[in-house]
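Here are the chains, one letter per residue:
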Amino acid sequence: MTEPVPPAAGPPGAAGSTGSSDSPAPTAGQPAVLVARAPERAAGLLALLRGRGLDPVASPVIERAPVEDPAELDAARERLADDAYDWVAITSVNAVDALLGPEPSESRSVHAGPVRWAAVGPATEQALAAHGISVDLVPRTATGAGLADAFPVAPPGPAHRVLLPLGDLASDTLRAGLAAKGWVADVVTAYRTVARELPAELRGPYDVVVVTSGSAARQVAAQLGPQPVVAIGEPSAGTARAVGHTVLGVAATPTDAALADAVTEALVRT
């Protein structure tokens, strides 16, 4: 399935709007590294790269926006509160924020009940833990396919349901994988992915651009043209190659430490 390019950003101050980055422009004379992510989300990776003598900058090229009609998501929360699901499968921190609220103190009420929770990777697991939710399943491979592979086969009997709160650009990989194992996957659009333009002072060129999603890879290509990139995982790397980027490295795991290793190794090779 081909992932569409996010819609253009809205007016200043709106979700998806153009805005300045909290990161200064790259320092002359050092390898230019852009982390295509909001500075607050990239803080750990930026600190690791600076500790290795680099001077990276961070600025988002995409961001989460609310769905235009929340009725479907509200109904899914009600079904979750009524114990209609055996599992909830979460594939991103954005999905946690959309389903439960961006701050634990603002958590939307969901009855714990007998439901079990699956998280695609450690960052998503941590986001759920911040809301007091214990995760029952985290796959070795932090992708939708990896999560589907790690899922148990549905037990016999009446339909067993899994709630999948996904972004509007998500592929069908996880739903199809769960259906193949006998689960009824209830896909709900939890948020939209919209483009955010890089400020003029951060428009490159770069020695390395770090992309942490296929959508980010597409937006980097749309805004800067093909770049040398390091990707957080193979799905992001595949999208990056498809839109013309040169993939210099792929993080061994979806963590800041692994991304920092991949960036420094890529710069040594180039």
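Within any chain, residue numbers begin from 1 and follow the written order of that chain's sequence. Totals for whole chains, interfaces and linings use all residues, but because this is a predicted model, local features are given only for residues with pLDDT of at least 70 and pairs of side-chain atoms are given and counted only at 80 or more. Side-chain numbers come from the whole structure's heavy atoms, not from hydrogens or water.

**Q** Explain the overall build of the protein chain residue by residue, including any values.
**A** Of regular secondary structure, the protein chain possesses nine helices and 10 strands. Each residue is placed in one exposure class: buried if its accessible area under a 1.4 Å probe, protein chains only, is under 20% of its type's maximum, exposed if it is over 50%, and partly exposed if it falls in between. Out of the 270 residues in the protein chain, the part that is buried amounts to 48%. For this analysis, residues touch if any pair of their heavy atoms sits within 4.5 Å. Contacts in the protein chain between residues far apart in sequence, at least 24 positions, make up 64% of those at least 6 positions apart. For the protein chain, the exposed area adds up to about 12100 Å²; of that, 52% sits on carbon and sulfur atoms. Comment: elements are numbered from the N terminus, with helices defined as DSSP H or I runs of at least four residues and strands as E runs of at least two. All accessible areas in this document rest on Shrake-Rupley with a 1.4 Å probe, and a residue is counted as covered only by the protein chains that are shown.

**Q** Hey, could you go over the packing of aromatic side chains for me, with residue numbers and the actual values?
**A** Planes of paired rings set the category: under 30 degrees apart is stacked, over 60 is edge-to-face and the rest tilted, where pairs are Phe, Tyr or Trp rings (Trp by its six-membered ring) whose centres lie within 6.5 Å. Throughout the structure, instances matching the rule amount to two aromatic pairs. With 4.8 Å between their ring centres and 55 degrees between their planes, Trp87 and Phe151 make a pair best called tilted. One end of the pair, Trp87, is in strand β4 (residues 87–90); the other, Phe151, is in the loop between α5 (144–150) and β6 (161–167), and 64 residues separate them in sequence. Classification of Trp87 as buried rests on a relative accessible area of 4%. Classification of Phe151 as buried rests on a relative accessible area of 2%. Between Phe151 and Trp183, the aromatic rings sit 5.8 Å apart at their centres with planes inclined by 85 degrees, giving edge-to-face as the arrangement. Separated by 32 residues along the polypeptide, Phe151 in the loop between α5 and β6 and Trp183 in the loop between α6 (173–180) and β7 (184–195) bring together distant segments of the chain. Classification of Trp183 as buried rests on a relative accessible area of 6%.

**Q** So what about the environment of Ala240? Which residues, and what values?
**A** Structurally, Ala240 is set in helix α8 (residues 234–242). Residues Ala240 and Ser213, spaced 27 residues apart in sequence, show a C-alpha to C-alpha distance of 9.0 Å.

**Q** Quick one: what's the story with the nonpolar core, residue by residue and with numbers?
**A** To define a nonpolar core, start from buried Ala, Val, Leu, Ile, Met, Phe, Trp, Tyr and Cys residues and group those joined through side-chain atoms within 4.5 Å. One finds Val88, Ile90, Trp117 and Leu128 to be the most contacted residues of the largest nonpolar core, which totals 23 residues. Secondary-structure elements contributing two or more residues to this core are α2 (71–81), β4, α3 (93–100), β5 (116–119), α4 (122–130) and β7. With six residues, the top contributor of residues to this core is α3. When residues no more than four places from it in sequence are discounted, the contact partners of Leu128 are Ile90, Val96, Leu100, Trp117, Ala119, Ile133 and Val135. Residues Leu46, Leu49, Leu54 and Ala258 belong to the second largest nonpolar core, which totals 21 residues.

**Q** Kindly report on the pairing of strand β8 (residues 208–211), identifying the contributing residues and their values.
**A** Residues of β8 alternate between two faces, with Val208 and Val210 on one and Val209 and Val211 on the opposite face, all of them buried. Two strands are counted as paired when DSSP detects at least two bridges linking them. Bridging between strand β1 (residues 33–35) and β8 involves three bridges; their strand directions are parallel. Across the sheet, the residue bridging to Val33 is Val208, located in β8. Bridge count for β8 against strand β9 (residues 228–231) is three bridges, and the pairing is parallel. Bridging from a neighbouring strand, Val210 pairs with Val230 of β9. You can see the chain leave β8, run along helix α7 (residues 214–224) and come back into β9, and the turn it takes is right-handed. A clockwise path from the first strand over the helix to the second, with the strands pointing away from the viewer, defines a right-handed crossover.

**Q** Can you break down the pattern of salt bridges residue by residue, with the values?
**A** Working definition: two side chains of opposite charge can pair if their charged atoms are close together. Salt bridges are defined as contacts in which a side-chain nitrogen from Lys or Arg sits within 4 Å of a carboxyl oxygen from Asp or Glu. For the structure on display, the rule yields nine salt bridges. Of the charged contacts, one joins Glu234 and Arg241 as a salt bridge, the two residues approaching to 4.0 Å between their closest N and O atoms. Assessed through its relative accessible area of 45%, Arg241 is described here as partly exposed.

**Q** Give a description of the sheet that holds β7 that names residues and reports values.
**A** Judged by pairing direction, the sheet is mixed, and its five strands sit side by side in the order β3-β7-β6-β4-β5 without closing on themselves. Two strands lie at the open edges of the sheet, namely β3 (62–65) and β5, each paired on one side alone. Between one strand axis and the next, the sheet turns through 25 degrees on average, direction left out of account. Bridge count between β4 and β6: two bridges; the pairing is parallel. The residue of β6 that forms the bridge with Trp87 is Val162. Sheet strands touched by α4: β4 and β5. Its angle to β5, the strand with the most contacts, is close to 140 degrees. Helix axes are fitted only over the stretch in contact, all axes being lines through C-alpha atoms; the angle between N-to-C directions runs from 0 to 180 degrees.

**Q** I'd like a description of unusual backbone geometry, backed by residues and values.
**A** The backbone of Asp83 sits at a positive phi, close to 60 degrees, despite the residue not being glycine. The partly exposed category is assigned to Asp83, whose relative accessible area is 36%.

**Q** If you had to explain the packing of α7 against α8 to someone new, which residues and values would you point to?
**A** As a packed pair, α7 and α8 sit with axes 8 Å apart at the nearest point and diverge in direction by 25 degrees. By the angle class used here, α7 and α8 are roughly parallel. In the crossing of α7 with α8, the sense of the turn from one axis to the other is right-handed. Contacts between α7 and α8 involve Gly214, Ala217 and Arg218 from the former and Ser236, Thr239 and Ala240 from the latter. Each residue gets one label: Ala, Val, Leu, Ile, Met, Phe, Trp, Tyr, Cys and Pro are nonpolar, Asp, Glu, Lys and Arg are charged, and the others, such as Gly, are polar. Here the residues of the contact of α7 with α8 sort into two nonpolar, three polar and one charged. Small angles under 35 degrees read as roughly parallel and large ones over 145 as roughly antiparallel, with 65 to 115 read as roughly perpendicular and the rest as oblique. Crossings are classed by handedness, with left-handed meaning an anticlockwise turn of the near helix from the far one by less than a right angle and right-handed meaning a clockwise turn.

Geometry only, nothing functional implied.
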